[in-house]
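Tertiary structure, described
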Amino acid sequence: MATTIIRKPASFRLRADLLEGLKKNAARENRTLNNYVESVLLDIVYHEPNNVTKAAIEEVMSGKNPQQTYSDIDEMFNDILNEEE
């Protein structure tokens, strides 16, 4: 059974630099501007984060270690790896 996707024309006012960036990204992927923008919007609207991302979001929202800052990436990874043990 084939399904038909109904498309409706829409008009948006965008910043000139944003529009140029979208055009460059579309050209880089050899896609039309319309196709590129539609796929970006679909990803934003329908993207469901995986369980690891959901857990990270919950951790941040809970306020765990609100004052924790890191001076370098190694310090951060050591903290993360030690936390999992």
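Keep in mind that what you see is a predicted model, and the values were worked out from it rather than measured. (Residues numbered from 1 in each chain as written. Predicted model: local features only at pLDDT ≥ 70, side-chain atom pairs only at ≥ 80, totals over all residues. Heavy atoms only, no water.)

**Things to note about the overall build of the chain**
Worth spelling out the cut-off: Strands are runs of DSSP state E lasting at least two residues, helices are runs of H or I lasting at least four, and both sets are numbered from the N terminus onward. Atoms counted for the radius of gyration: C-alpha only. Globule rule: 2.2 Å times the number of residues to the power 0.38. Only protein chains enter the area calculation, which uses a 1.4 Å probe; residues under 20% of their type maximum are buried, those over 50% are exposed, and those in between are partly exposed. Areas reported as accessible are Shrake-Rupley estimates using a 1.4 Å probe. Residue values count occlusion only from the protein chains shown. Charge assignment: positive for Lys and Arg, negative for Asp and Glu; neither His nor the chain ends contribute. The location of each charge is read from NZ of Lys, CZ of Arg, CG of Asp or CD of Glu.
What the chain contains, in helices and strands, is four helices and zero strands. Start at the N end of the chain and walk to the C end: the helices and strands fall as α-α-α-α. The globule rule puts the C-alpha radius of gyration for 85 residues at 12 Å, and the 20 Å found for the chain is more than 25% above it. Expressed along its principal axes, the backbone C-alpha trace of the chain runs to roughly 50 × 40 × 25 Å. Counting the 85 residues in the chain, one finds 4% classified as buried. Summing over all exposed atoms, the chain offers an accessible surface of approximately 8,300 Å²; the carbon and sulfur share of this is 56%. Here the chain contributes 10 positively and 15 negatively charged side chains, and the mean placements of these two sets differ by 19 Å.

**Some points on a nonpolar patch on the surface**
Applicable threshold: Exposure above 30% relative accessible area and no salt bridge define the residues that can form patches, which grow by joining like charges within 9 Å and nonpolar side chains of Val, Leu, Ile, Met, Phe, Trp and Tyr within 5 Å. A pairing counts as a salt bridge when a side-chain nitrogen of Lys or Arg comes within 4 Å of a carboxyl oxygen of Asp or Glu.
On the surface, a cluster of nonpolar side chains totalling about 620 Å² of accessible area is made up of Val40, Leu41, Leu42, Ile44, Val45 and Tyr46. Tracing the backbone shows Leu42 in helix α2 (residues 33-46). The class of Leu42 is partly exposed, set by a relative accessible area of 42%.

**Some details on the environment of Leu33**
Convention followed: Two residues qualify as a contact provided that any one of their heavy atoms is within 4.5 Å of a heavy atom in the partner residue.
Tracing the chain through its elements places Leu33 in helix α2. Overall, Leu33 belongs to the partly exposed group, its relative accessible area being 30%. Setting aside its immediate chain neighbours within four residues, Leu33 contacts Leu19, Leu22, Lys23 and Ala26.

**Here we look at the packing of helix α1 (residues 16-28) against α2**
Filter applied, for reference: As a rule, the C-alpha atoms of each element are fitted with a line to give its axis, helices using only the stretch in contact, and angles between N-to-C directions run from 0 to 180 degrees. Each angle is binned into one of four classes, with values under 35 degrees roughly parallel, values over 145 roughly antiparallel, values of 65 to 115 roughly perpendicular, and all other values oblique. Lys, Arg, Asp and Glu make up the charged group, whereas Ala, Val, Leu, Ile, Met, Phe, Trp, Tyr, Cys and Pro make up the nonpolar group; the residues left over, Gly among them, are polar.
At their nearest, the axes of α1 and α2 sit 9 Å apart, and the two run at 100 degrees to each other. Relative to α2, the element α1 is oriented roughly perpendicular. Only Leu33, Tyr36 and Val37 of α2 make contact with α1, whose side of the interface consists of Leu19, Leu22, Lys23, Asn25 and Ala26. Partitioning the contact of α1 with α2 into residue classes produces six nonpolar, one polar and one charged.

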